[in-house]
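Observations on the three-dimensional arrangement
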Amino acid sequence: MKFSIGGPLKLAFRPWVEGLENVPAEGPAVLASNHLSFSDSFFLPAVLDRKITFIAKAEYFTTPGVKGRLTAAFFKGVGQLPVDRSGARGAGEAAVRSGIGVIERGELFGIYPEGTRSPDGRLYRGKPGGLARVALATGAPVIPVAMIDTEKIQPPGKAIPKLMRPGIRIGKPLDFTRYSGMEHDRFVLRAVTDEVMYEIMKLSGQEYVDIYATAAKRQIAEAAKAEREAAKAKAQAPAGTEAGGKDTAEQDKAGS
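Residues numbered from 1 in each chain as written. Predicted model: local features only at pLDDT ≥ 70, side-chain atom pairs only at ≥ 80, totals over all residues. Heavy atoms only, no water.

**So, the overall build of the protein chain**
In plain terms, the rule: Here a helix means four or more residues in a row that DSSP labels H or I, a strand means two or more in a row labelled E, and each is numbered from the N terminus. For each residue, the accessible area found with a 1.4 Å probe, counting protein chains only, is set against the maximum for its type, and the residue is called buried under 20%, exposed over 50%, and partly exposed in between. Here, residues are in contact when the closest pair of their heavy atoms is within 4.5 Å. Note that accessible areas follow from Shrake-Rupley with a 1.4 Å probe, and for residues the cover is restricted to the protein chains shown.
Along the protein chain, the regular secondary structure elements total 9 helices and 9 strands. Out of the 256 residues in the protein chain, the part that is buried amounts to 39%. For the protein chain, the proportion of contacts with a sequence separation of at least 24, taken over those separated by at least 6, is 78%. Here the protein chain has roughly 14500 Å² of accessible surface; of this, 56% comes from carbon and sulfur atoms.

**Quick notes on the pattern of salt bridges**
Pairing between side chains becomes possible if they bear opposite charge and their charged atoms approach one another. What counts here: A carboxyl oxygen of Asp or Glu within 4 Å of a side-chain nitrogen of Lys or Arg is what we treat as a salt bridge.
Enumeration over the complete set of coordinates arrives at 10 salt bridges. Asp149 is the partner of Lys152 in a salt bridge, and the nearest nitrogen-oxygen pair spans 3.1 Å. Owing to a relative accessible area of 43%, Lys152 belongs among the partly exposed residues under this scheme. Since its relative accessible area comes to 23%, Asp149 is described here as partly exposed. Salt-bridge contacts for Arg190 lead to Asp194; the nearest nitrogen and oxygen are separated by 3.0 Å. Of this pair, Arg190 and Asp194 both sit in helix H7 (residues 186–204), 4 residues apart, which is roughly one turn of that helix. Given a relative accessible area of 15%, Arg190 falls into the buried group. A relative accessible area of 32% places Asp194 in the partly exposed class. It is possible to trace a salt-bridge network through shared partners that takes in Asp120, Arg122 and Glu207.

**Focus on the environment of Ala95**
Position of Ala95 among the secondary structure elements: in helix H5 (residues 88–104). The spatial distance from the C-alpha of Ala95 to the C-alpha of Leu81 is 8.8 Å, given a sequence separation of 14 residues. Not counting chain neighbours up to four residues away, the residues in contact with Ala95 comprise Ile55, Val83 and Phe109.

**Thoughts on the side chain of His35**
Within the secondary structure layout, His35 lies in the loop between strand S2 (29–33) and helix H2 (40–47). The class for His35 is buried, based on a relative accessible area of 10%.

**Re the packing of helix H1 (residues 2–13) against H2**
In plain terms, the rule: Fitted lines through C-alpha atoms serve as axes, helices being fitted only where they are in contact, and the angles separating the N-to-C directions of these axes extend from 0 to 180 degrees. An angle below 35 degrees is read as roughly parallel, one above 145 as roughly antiparallel, one from 65 to 115 as roughly perpendicular, and any other as oblique. In this count, Pro and Cys sit with the nonpolar residues alongside Ala, Val, Leu, Ile, Met, Phe, Trp and Tyr, while Asp, Glu, Lys and Arg are called charged and the others, Gly among them, polar.
Two numbers describe how H1 lies on H2: the axes approach to 9 Å, and their chain directions differ by 95°. When the interaxial angle is binned, H1 and H2 end up roughly perpendicular. Where H1 approaches H2, its residues Lys2, Ile5, Gly6, Leu9, Lys10 and Phe13 are matched on the opposing element by Phe42, Phe43, Pro45, Ala46 and Val47. Looking at side-chain class alone, the contact of H1 with H2 contains 8 nonpolar, 1 polar and 2 charged residues.

**Re the packing of helix H6 (residues 130–138) against H7**
Put simply, H6 and H7 touch, their axes get as near as 9 Å, and they point 105° apart. On the basis of the axis angle, H6 is roughly perpendicular to H7. Side by side, H6 and H7 meet where Leu131, Ala132, Arg133 and Leu136 of the first sit next to Val188, Leu189, Val192, Thr193 and Val196 of the second. When its residues are assigned to classes, the contact of H6 with H7 shows 7 nonpolar, 1 polar and 1 charged.

**Regarding the pairing of strand S7 (residues 142–148)**
What counts here: Two strands are said to pair when DSSP picks up at least two bridges between them.
Here S7 lies mainly inside the structure; 7 of its 7 residues are buried. Note: S2 against S7, 4 bridges, orientation parallel. Paired with Val30 across the bridge in S7 is Val142. Across 4 bridges, the pairing between S7 and strand S8 (residues 167–170) is antiparallel. Opposite Ala146, over in S8, you have Arg169 as the bridge partner.

**Quick word on unusual backbone geometry**
Even without glycine at this site, Arg14 takes up a positive phi of about 45°. Here Arg14 lies in the loop between H1 and strand S1 (16–18). Positioned with a positive phi, Asp149 is a non-glycine residue whose angle comes to about 70°. Its location among the elements puts Asp149 in the loop between S7 and S8.

Listed below in C-alpha cells is the structure:
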C-alpha cells in the first residue's frame, strides 16, 4: 500500500513533514493526531517508513455491494482494525483492547482523540478513552501529530481533490509512565488527554474549542435545520403578509 498508494500520493501532493525523527525506528508508540479529513489516514502513513494501525468503524468492513467489498478489501489490506460503534461503551472497550494489542506487538497505533473529523477546521476536546487508557496500560510513549490543511484538499461536496501541499508536524514523545496503573482513574485520563491535545494545538496552530466535535456537529446540524425551516416558512407565507403586518402595526399606533 505504501508503494501503490503512498508513492503516487507523495508525488502528486508533495506533503511537507517536520519532526520525522520523533517517530522511533522500532518499538511501540501511540500516534495521536488531530482529524481534519478522511485523507489524514492516507497522508500520515505515506510519509512514515513504518506501518501505522488505526481503528476503523465496522461499517467499512460490512457494507454490502461492490463498493462495500472494495472498501472492506482496502481497509483489510492496510491492516486497519474494525470496531463496532453501536454501543458507546462497547466501542470504547473494543478500541482500547485493539490498541493494547497493537502496542504489545511492538507496533505503531494511530488514534484521533477528537473521535471524529473536525466540522470547521478547529481543534475540539479530546475524548478521555482510547488514547489515555492504551498509553497508561502499556507505558507506550504518545507522539502528538498535527495534520495541516488536509481539509482544504477535498472539502465536503467536492468530488475532485485540489492539488496542494498539506503539512504534517510530529511532536516529541510524551511520557506518561508516572501515571502507571491509573488507567481507570477518570481524572487522570482527562489530564493525560488534555496534555496531548495541548501539544497538538501548539503543533497545528488551530483554535481550540472546549467541547466535543460530535456536540459541535449536532449544533451545526440543528442551526442549519432551523435556518432551512425559517426560509421555508418565509417562502410559504402569503404575499404581502410582512407588509400588511407592518401597516396594521402603524394603524394601531396611530389609533392609540
